[in-house]
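Chain by chain, the residues run as shown.
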Amino acid sequence: MKNIAFVVLTFLLLLVGSVFVLEASVAESFTTFGDQYFLFKQHLVGVGVGLIAYLAGMLIPPRLWVKFGAGLYIFGLILLTAVFIPGLGRELNGASRWINVAGFGFQSVEFFKFGLIAFYAQWMSKHQKLRVFLASLAVPILLIMLQPDLGSLLLVISIACSVFFVAGGNIKQLGLLAAVGIPLVLIAILASPYRRDRLLTFLNPESDPLGTSFHIRQITIALGRGGWFGQGLGNSTQKFAYIPEASTDSIFAIIAEELGYLGSTIIIVSLFGYMLLGYQLIKTHEDPGVRLLGLGLITWLGVQMLLNLASVVGLVPLTGVPLPFFSYGRSAVIMVLLAAGIITRIGKAPST
């Protein structure tokens, strides 16, 4: 029953999320591309490929992902490096995060997160050596910082530390890493004017309402306009060029404006319930490698969800992390559906 509920909730979240991508993207699509449905059409392409990925996750035995974890990790590093290759990588808004293959853009860090989890499932199910753990993170951290992509960097570090802990890693070692790592992340933030402005805006949202604070102020307005019951589906005004990235990182603000506190609470509860269901399907699997794979995947989705929601409601600075199932982004939805398919397969056949 839990497995059936997980599958049903997967497709329900995907359907509702696609509706809101349509809702939130019309203004940006028309302004930028002259077609109000352009981004939605692109999203549907991602959903179509994602459904194939979901089917692959359902059909391929989870042990194979674990067996080839090191290869997937190395391939992920190659993709992270490929964004800097002229003609293959694509720069957008000063960031080199995408690669183009036959006209199809793909954000390489999305695959790397999966490769990292598969590698950890292979390696940490047998031992948890701190030196290997740190070495496995050193190169990708450098590559992600060079892109630059602080949101993905925080997400990768969170996933890695969570899997290390679940696998039986020493909690004192993680505490020491946090004591060293947090100041380094803070230095990385302060060293970049863009990231520094985001942090200062978070600390003082009233500092520059028409400049660096514009994004978070418009999100706050959207949340407030929603009230208890919302403005109604399709009646958001903030999506009309007021909120930057309305269909991607900030889509939950549009959801809250249209559905209000009540509707957005239902969305949040559904997402948390989805993560809990996924954990219930995975936690008793008899194969330690497969269990770690599943726990890593559900941790990835859960941490990404928390970071996105926390940034939208002002609990942390804006991170640029998409909301699983809801944010526009072809590479993101493809990898989320692959993860969902693998989790479904693990829950369906605990001995595979």
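Note: the structure precedes this text.
The rules behind each value
Residue numbers run consecutively from 1 along every chain, following the written order of its sequence. In view of the model being predicted, local features appear only for residues whose pLDDT reaches at least 70, and side-chain atom pairs are presented and counted only at 80 or more, with totals across whole chains, interfaces and linings using the full set of residues. Each side-chain value is worked out from all heavy atoms of the structure, with water and hydrogens disregarded. Lines fitted to C-alpha atoms define the axes, with helix axes restricted to the stretch in contact, and inter-axis angles between N-to-C directions lie between 0 and 180 degrees. Note on conventions: DSSP H or I runs of at least 4 residues are helices, E runs of at least 2 residues are strands, and numbering of each starts at the N terminus. Angles are sorted into four bins: roughly parallel if under 35 degrees, roughly antiparallel if over 145, roughly perpendicular if 65 to 115, and oblique for all others. By convention, the crossing between two helices is left-handed when the near helix turns anticlockwise from the far helix through less than a right angle, and right-handed when the turn is clockwise. Residue contacts follow a heavy-atom distance rule, with two residues in contact if any of their heavy atoms lie within 4.5 Å. Just so you know the grouping, Ala, Val, Leu, Ile, Met, Phe, Trp, Tyr, Cys and Pro go in nonpolar, Asp, Glu, Lys and Arg go in charged, and all remaining residues, Gly too, go in polar. Patch construction takes residues with relative accessible area above 30% that form no salt bridge. Like charges are linked within 9 Å, and nonpolar side chains (Val, Leu, Ile, Met, Phe, Trp, Tyr) are linked within 5 Å. A 1.4 Å probe and the Shrake-Rupley method give the accessible areas. Residues count as covered only by the protein chains that appear here. Within this document, salt bridges are pairs made up of a side-chain nitrogen of Lys or Arg and a carboxyl oxygen of Asp or Glu, the two lying within 4 Å of each other. When a residue's accessible area, from a 1.4 Å probe over protein chains only, is under 20% of the maximum for its type it is buried; when over 50% it is exposed; and in between it is partly exposed. Here a Phe, Tyr or Trp ring, Trp counted by its six-membered ring, pairs with any other such ring whose centre lies within 6.5 Å, and the pair is stacked when the planes are under 30 degrees apart, edge-to-face when over 60, and tilted otherwise. How far a helix is expected to stretch is found by multiplying one less than its residue total by 1.5 Å. What is meant by a nonpolar core is a set of buried Ala, Val, Leu, Ile, Met, Phe, Trp, Tyr and Cys residues, joined one to another through side-chain atoms within 4.5 Å. Definitions used throughout: a 1 Å grid over protein atoms alone; a cavity as a set of points that fits a 1.4 Å probe which cannot get out; a pocket as an open set with protein on both sides within 12 Å along at least five of seven lines; a lining residue as one with an atom within 4 Å of a point. Grid points are joined across faces, edges and corners, and a volume is the space filled by probe spheres set on the points.

Student: Lay out the packing of helix α11 (residues 251-282) against helix α13 (residues 330-348) in plain terms, naming residues and giving numbers.
Tutor: In contact at an axis separation of 8 Å, α11 and α13 are set at 45° when each is read in the N-to-C sense. In terms of orientation, α11 and α13 fall into the oblique class. Judged by the twist between their axes, the crossing of α11 over α13 is left-handed. Contact residues: α11 offers Tyr274, Gly278, Leu281 and Ile282, while α13 offers Ala340, Ile343, Ile346 and Gly347. A class-by-class count of the residues in the contact of α11 with α13 yields six nonpolar, two polar and no charged.

Student: Explain a nonpolar patch on the surface to me, using residue names and the numbers behind them.
Tutor: Together, Trp228, Phe229, Tyr261, Leu262 and Ile266 make up an exposed nonpolar region whose accessible area comes to about 630 Å². Note on placement: Leu262 falls in helix α11.

Student: Mind laying out the pattern of salt bridges, listing which residues take part and the relevant values?
Tutor: Enumeration over the complete set of coordinates arrives at four salt bridges. Residues Glu257 and Arg225 are paired through a salt bridge, measuring 2.8 Å at the closest nitrogen-oxygen approach. Placement of Glu257 in helix α11 and of Arg225 in helix α10 (residues 214-226) is noted, with a sequence separation of 32 residues between them. Its relative accessible area of 0% is what places Glu257 among the buried residues. Judged by relative accessible area, which is 30%, Arg225 ranks as partly exposed.

Student: Describe the packing of aromatic side chains, with residues and values.
Tutor: A complete count under the given rule lists 15 aromatic pairs for this structure. When the ring of Tyr120 is compared with that of Trp123, the centres are 6.2 Å apart and the planes differ by 45°; the resulting orientation is tilted. Residue Tyr120 and its partner Trp123 are both found in helix α5 (residues 108-124); the two are separated by three residues, about one turn of the helix. One exposure class covers both Tyr120 and Trp123, and it is buried.

Student: Requested: an account of α5, with residues and values cited.
Tutor: Compared with the 24 Å implied by 1.5 Å per residue over 17 residues, the 24 Å span of α5 between its first and last C-alpha is a close match. Most of α5 is tucked away: 16 of the 17 residues are buried.

Student: Lay out the side chain of Thr248 with the relevant residues and their values.
Tutor: Here Thr248 shows up in the loop between α10 and α11. Judged by relative accessible area, Thr248 falls into the buried class, the value being 17%. Excluding its chain neighbours within four sequence positions, the residues that come into contact with Thr248 are Ser327 and Tyr328.

Student: Please provide a residue-by-residue account of unusual backbone geometry, values included.
Tutor: Peptide bonds are mostly trans, and most non-glycine residues show a negative phi. Phi angles above zero are rare outside glycine, and Phe325 is one such case at about 75°. Inspection of the secondary structure puts Phe325 in the loop between α12 (288-312) and α13.

Student: Break down the environment of Ala310 for me, with residues and values.
Tutor: The topology assignment puts Ala310 in helix α12. Setting aside residues no more than four positions away along its own chain, Ala310 makes contact with Leu315 and Val316.

Student: Can you tell me about the nonpolar core, naming the residues and giving the values?
Tutor: Counting 99 residues, the largest nonpolar core has Phe114 and Tyr120 as its most contacted members. When neighbours within four sequence positions are excluded, Phe114 is seen to be in contact with Trp65, Leu72, Leu297, Trp300, Met335, Leu338 and Ile342.

Student: Tell me about empty space enclosed by the protein, and please be specific about residues and values.
Tutor: For the structure shown, the criterion picks out three cavities of 30 Å³ or more. Around the largest cavity, the lining is made up of 13 residues, and of these Asp249, Ser311, Leu318, Thr319 and Gly320 lie nearest the centre. Counting only elements with at least two residues in the lining of the largest cavity, the list comes to α10 and α12. At three residues, α12 tops the list of elements feeding residues into the lining of the largest cavity.

Fair warning: the whole summary comes from geometry, so function is off the table for now.
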